[in-house]
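Each chain, written out:
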Amino acid sequence: MEFTTVLFYVFAAITTVAGLRVITSRNPVNAALYLVLAFFNAAGIWMLLRAEFLAIALVLVYVGAVMVLFLFVVMMLDINLERIRQGFWSYLPLGLLIAAVLVGEMVVVVWGKWSGLEAMPMPAETALYSNTKSLAWLMFTDFAYPFELASFVLLVAMVAAISLTLRTRPGNKAIDPARQIIVKAADRLRIVRMQSEKAEMSRPVESDGSE
């Protein structure tokens, strides 16, 4: 057995266990961390398949961005676990249906001969090329305009998300950078000239001799 085969079975076993722990863990934070572990091992499997770009994208996008967002949402929101568990049985038929579809698709892919599918022949020359280099070449030559359009759409979505969250709330103390830059010393400092006053000295009380 080759070393790459051993690594595949190790990554596959850890991914399977982590995936089961995602759906069986009672703590949402632990479930999110198990999902991070599953993503890392899936990236390892992509690396074994020489899909370096997909492996790096899986780690950077899903682990570095999506899962961090999940963790922030889970840890900052007050999630009622009892209420979530009450709706488990109502979503069980839909979950079983989706799981059956996924299992059927995996069976068709792994055992393609059952449905008349044949594996695509892979030329020997493809091992000499880097899929990351080929993808970058297509992205910045033939699909340069769609790539720039997608980047513009993502930029607009990011600006819209920031503008929606920057709402004016009553009692919110914030600094306006524009007003802070254009301020002058005369607007903040005022020198007042006042004459000094001397306190009157207390005089001793004269006795009139009535005592």
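Note that the structure is a prediction, hence the values are computed from the model and not measured. (Residues numbered from 1 in each chain as written. Predicted model: local features only at pLDDT ≥ 70, side-chain atom pairs only at ≥ 80, totals over all residues. Heavy atoms only, no water.)

Here we look at the UniProt feature "transmembrane region" (unreviewed entry) in the protein chain
The UniProt entry lists residues 6-24, 31-49, 55-77, 89-112 and 143-166 under the feature "transmembrane region" (unreviewed entry), expressed in the numbering used here. Helix makes up 100% of residues 6-24 and strand 0%, with an end-to-end C-alpha separation of 27 Å. Helix makes up 95% of residues 31-49 and strand 0%, whereas the separation of the span's terminal C-alpha atoms amounts to 27 Å. (UniProt positions renumbered as here; feature names shortened; annotations may be inferred. Helix = DSSP H or I, 4+ residues; strand = E, 2+ residues; numbered from the N terminus.)

Some points on a nonpolar patch on the surface
Together, Leu94, Leu97, Ile98, Val101, Leu102, Val103, Met106, Val107, Val109, Val110 and Trp111 give the surface a local cluster of nonpolar side chains, amounting to about 1,100 Å² of exposed area. Among the structural elements, Val109 can be located in helix H5 (residues 88-110). (Patch = residues over 30% accessible without salt bridge, like charges linked within 9 Å, V, L, I, M, F, W, Y side chains within 5 Å. Areas by Shrake-Rupley, 256 points an atom, 1.4 Å probe, with all protein chains shown as cover. Salt bridge = Lys/Arg side-chain N within 4 Å of Asp/Glu carboxyl O.)

Focus on the packing of aromatic side chains
This structure, assessed with the given rule, holds three aromatic pairs. On the basis of an interplanar angle of 55 degrees and a centroid distance of 5.4 Å, the ring pair of Phe39 and Tyr62 is categorised as tilted. With a gap of 23 residues between them, Phe39 in helix H2 (residues 28-48) and Tyr62 in helix H3 (residues 52-76) connect regions that are remote in the sequence. (Phe/Tyr/Trp six-rings, centres within 6.5 Å; stacked < 30°, edge-to-face > 60°.)

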